Amino acid sequence: MIYLDNAATTLMKPDGVLRAMADCMRHYAANPGRGGHQLSLFAGEQVYRCREQLAALFGIDTPEQIAFTSNTTMALNFAIKGLVSAGDHVVIGGMEHNSVLRPVVHSGASYSVAAADATGLVTAQAVAAALKPDTKLIIINHASNVVGTISPIGQIGALAKARGIPLLVDAAQSAGVVEIDVKRDGISMLAFAGHKLLYGPPGTGGLYVHPSIRLRSLVEGGTGTLSEQQTQPDFMPDQMESGTLNTVGIVGLLAGVSYVRNQTVARIHAYENKLTTRLMEGLGNVPGVTLLGGANRVGVVGFLMEGLDSVTVCGKLDEQFHIAARGGMHCAIQAHRSLGTEKTGVARLSVSSFTQPADVEHAIVAVNRIARRK
Amino acid sequence: MYFIIFNSVTLANRVKSYFQYDRAFVGMVHTPVAIGVNGCSYSLKVNREKVREVLSVADAMGIRVKGVYRQVGDNEYVEVPL
């Protein structure tokens with residue numbers, strides 16, 4: 001099987017991730033932050049090391065402001081519902097995933113969409129045009145999960161800072177493959193996936209919250225702290241981390257983030273760029289194929305094939321060529337509305353740092369054959 | 001020995017990480033209930049010589065210390081004024 005569905009989750013993980021998780025399961029998967037025995041303390045130390053590595057990766061000075069979640073969706077829900085109420089106004093980017101759109105709608109807040117251009121790019125100017133005097137939060141998808149286009153969060157962050165509005169960035173597709181510095185980029189809250197390009201296991205993700213922002217907690221319970229108090233602790237990360245943490249997953253994520261930091265984000269991005277450039281070059285020559293997205297992108301290539309449904313294209317890739325790809329709406333109807341693909345969906349191929357050039361060549365040949373046989 | 005109390009295991013670990021190469025540093029413990037403020041918390045357990053340094057590191061990190069106690073017996077502690 002050739003796995004080109006890395007935007008959904010990366011399948012191939014560094015060996016260190018597998019080793020770290022097995023070691024944790026065998027030797028110290030005790031409950032961190034609960035009790036004082038050596039295994040609990042050691043587990044707590046490993047969990048903290050993961051916060052530290054993530055903080056170093058994202059230019060965060062305060063590792064305790066990172067809360068672990070089970071995925072980006074959970075992190076976005078914590079951020080949006082913790083800050084926004086009915087009657088507030090929110091600006092969202094034109095390429096948002098349902099993990100932003102649905103919690104915003106559920107919150108009862110009104111929202112405006114900062115329009116994306118035909119390539120999926122959301123500019124600071126588009127965000128400025130969507131702002132209202134009472135806008136409470138700006139939410140921007142850093143890199144599109146449909147077509148890979150990277151939006152300029154640094155410029156949007158500067159705008160948000162100038163207007164005094166917090167900026168929440170959905171970094172599900174960018175964390176680990178695009179340089180992110182929360183201070184430089186003016187990011188108030190950063191939601192990220194652990195299981196995608198940070199190479200942790202499924203069930204890992206997180207949310208960074210700037211110390212100046214106070215969120216309402218959504219889930220209350222045991223935190224291992226202030227146990228005599230009937231209310232949830234108001235400090236991070238305990239405020240957001242009720243119940244037993246996914247220690248084994250977090251230890252895997254620690255190894256994944258260490259891999260990314262050792263490889264460097266710049267090198268991984270350059271490698272993935274080489275793969276996507278070749279993929280686009282190859283697919284661009286296939287009759288009836290239209291490529292989507294901008295020049296500045298992560299390792300995601302979205303395309304349409306004339307006369308064939310995007311889900312059917314990916315079904316043929318799977319059944320006939322053993323290539324894992326994803327068609328349809330990618331849980332991102334807002335993005336498809338912006339691209340004008342809400343009736344067709346998009347066929348998506350996505351790479352990781354473990355994708356080989358031969359995998360890309362195989363995919364180009366496969367799409368070519370599907371296009372010619374239809 | 002002295003117990004320097006922090007709100008959570010995360011905050012205690014952040015301060016502890018500063019001392020990772022310091023052989024004189026003792027370590028982290030679950031705060032005894034007798035001195036825990038509002039229930040469970042974690043403490044850095046250090047020698048007298050380290051107390052000021054730990055407090056100063058915590059302060060530089062912007063981390064609030066809940067209290068400092070000196071252990072004088074198995075279950076006896078005396079609060080050290082900050």
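Preceding this section is the structure that the text describes.
Note that this is a predicted model, so its numbers are computed, not measured.

Caption draft 1: Region of the structure containing the overall build of chain B. A count of helical and extended segments in chain B gives two helices and five strands. Secondary structure elements of chain B, listed N to C terminal, follow the sequence β-α-β-β-α-β-β. Here the C-alpha atoms of chain B give a radius of gyration of 11 Å, agreeing with the 12 Å that 2.2 N^0.38 yields for 82 residues. Each principal axis of the C-alpha distribution contributes one length, and for chain B these read about 30 × 25 × 20 Å. Counting across all 82 residues of chain B, residues that qualify as buried make up 54%. For chain B, restricting intrachain contacts to residue pairs at least 6 apart in sequence, the fraction spanning at least 24 positions comes to 65%. Carbon together with sulfur atoms contributes 46% to the accessible area of chain B, which is approximately 4300 Å² in total.

Caption draft 2: Geometry of the overall build of chain A. On a plain count of helices and strands, chain A comes out with eleven helices and twelve strands. Whereas a compact globule of 374 residues would reach a radius of gyration of roughly 21 Å, chain A reaches 21 Å, a difference of no more than 12%. Principal-axis analysis of the C-alpha atoms places the extent of chain A at approximately 70 × 55 × 30 Å. By residue count, 60% of the 374 residues in chain A fall in the buried class. Summarising the internal contacts of chain A: among those between residues at least 6 apart in sequence, 66% fall at separations of at least 24. In the form shown here, chain A has an accessible surface area of approximately 14300 Å², with 53% of it arising from carbon and sulfur atoms. Across chain A, 31 positive and 29 negative side-chain charges occur, with their mean positions spaced 5 Å apart.

Caption draft 3: Here's a closer look at the interface of chain B and chain A. On the chain A side, the residues contacting the 20 residues of chain B number 24 residues. Here chain B and chain A share two salt bridges between them. Residue arginine 14 of chain B is joined to glutamate 64 of chain A by a salt bridge in which the shortest nitrogen-to-oxygen separation is 3.0 Å. The interface formed by chain B and chain A holds nine residue pairs in polar contact (both at pLDDT 80 or more) in total. The element that contributes the greatest number of residues to the side of chain B that touches chain A is helix H1 (residues 9-18) of chain B, accounting for seven residues.

Caption draft 4: Broad picture of unusual backbone geometry. Residue and element names in this part refer to chain A. Residue proline 237 is reached from methionine 236 by a cis peptide bond, and omega for that bond is 0 degrees. In this fold, proline 237 is placed in the loop between strand E8 (205-209) and helix H7 (247-263). Even without being glycine, tyrosine 199 reaches a positive phi, approximately 65 degrees. With a relative accessible area of 0%, tyrosine 199 lands in the buried category. Within the chain, cysteine 331 stands out as a residue other than glycine whose phi angle is a positive 55 degrees.

Caption draft 5: Just the pattern of salt bridges, in detail. All names here are of chain A. What the rule picks out here adds up to eleven salt bridges over all chains. The closest approach of N and O atoms between arginine 278 and glutamate 281, which form a salt bridge, is 2.6 Å. Here arginine 278 and its partner glutamate 281 are both found in helix H8 (residues 265-284), three residues apart, which amounts to about one turn of the helix. Overall, glutamate 281 belongs to the partly exposed group, its relative accessible area being 47%. Here glutamate 361 ties to arginine 278 by a salt bridge, and the two come within 2.7 Å at their closest N and O atoms. Of the two residues, glutamate 361 sits in helix H11 (residues 357-373) while arginine 278 sits in helix H8, which places them 83 residues apart along the sequence.

Caption draft 6: Spotlight on the packing of aromatic side chains. Residues and elements named next belong to chain A. In total, this model carries seven aromatic pairs over all chains according to the counting rule given. When the centroid spacing of 5.3 Å and the interplanar angle of 50 degrees are considered together, the rings of phenylalanine 58 and phenylalanine 192 count as tilted. With a gap of 134 residues between them, phenylalanine 58 in helix H2 (residues 38-58) and phenylalanine 192 in strand E7 (residues 189-193) connect regions that are remote in the sequence. Ring geometry for tyrosine 259 and phenylalanine 354: centres 5.5 Å apart, planes at 15 degrees, overall stacked. Pair noted here: tyrosine 259 is in helix H7 and phenylalanine 354 is in the loop between strand E12 (347-350) and H11, with a separation of 95 residues, a long-range link. The exposure class assigned to tyrosine 259 is buried, which follows from its relative accessible area of 17%. These aromatic residues form a ring-pair network of at least three members: Tyr199, Tyr259 and Phe354.

Caption draft 7: Looking closely at H2 of chain A. Given a rise of 1.5 Å per residue, 21 residues ought to cover 30 Å, and the 30 Å separating the end C-alpha atoms of H2 of chain A matches this to within 8%. Remark: glycine 59 of chain A follows H2 of chain A within two positions and exhibits a positive phi of approximately 65 degrees.

Caption draft 8: View of the side chain of lysine 16 of chain B. Looking at the element boundaries, lysine 16 of chain B is found in helix H1. Engagement of the side chain of lysine 16 of chain B in a polar contact is seen with the side chain of glutamate 45 of chain A, the distance being 2.3 Å.

Caption draft 9: Here's a closer look at the sheet that holds strand E4 (residues 110-114) of chain A. All names here are of chain A. Read from one edge to the other, the open sheet built from seven strands follows the order E2-E8-E7-E6-E5-E3-E4, with strand pairing classed as mixed. The open sheet has two edge strands, strand E2 (66-69) and E4, and neither has a second partner. Geometrically, the sheet is characterised by an average inter-axis angle of 20 degrees between neighbouring strands, direction not taken into account. Pairing analysis gives four bridges linking strand E5 (residues 135-141) to strand E6 (residues 167-170), with the strands arranged parallel. Residue pairing across strands places isoleucine 140 opposite valine 169, the latter belonging to E6. Running at roughly 165 degrees to strand E3 (residues 89-93), helix H4 (residues 98-107) makes contact with E3, E4, E5 and E6 of the sheet.

Caption draft 10: Representation of the pairing of strand E3 (residues 42-46) of chain B. Residue and element names in this part refer to chain B. Of all five residues making up E3, four are buried, and the element is well covered by its neighbours. As paired elements, strand E1 (residues 2-6) and E3 share five bridges and run antiparallel to each other. From the neighbouring strand, isoleucine 5 faces E3, where its bridge partner is serine 43. In terms of strand pairing, strand E2 (residues 27-30) meets E3 through four bridges, oriented antiparallel. Bridging across to E3, valine 29 finds its partner in serine 43.

Each value, and the rule that gives it
Residues numbered from 1 in each chain as written. Chains lettered and ligands numbered in written order. Predicted model: local features only at pLDDT ≥ 70, side-chain atom pairs only at ≥ 80, totals over all residues. Heavy atoms only, no water. Helix = DSSP H or I, 4+ residues; strand = E, 2+ residues; numbered from the N terminus. Rg over C-alpha atoms; globule rule 2.2 N^0.38 Å. Buried < 20%, exposed > 50% of the residue type's maximum accessible area, 1.4 Å probe, protein only. Contact = heavy atoms within 4.5 Å. Areas by Shrake-Rupley, 256 points an atom, 1.4 Å probe, with all protein chains shown as cover. Lys, Arg positive; Asp, Glu negative; His and termini not counted. Charge placed at Lys NZ, Arg CZ, Asp CG, Glu CD. Salt bridge = Lys/Arg side-chain N within 4 Å of Asp/Glu carboxyl O. Polar contact = N/O pair within 3.5 Å; in protein donor to acceptor, adjacent residues only side chain to side chain. Phe/Tyr/Trp six-rings, centres within 6.5 Å; stacked < 30°, edge-to-face > 60°. Expected span 1.5 Å × (residues − 1). Pairing = 2+ DSSP bridges. Axes fitted to C-alpha atoms, helices over the stretch in contact; angles between N-to-C directions.

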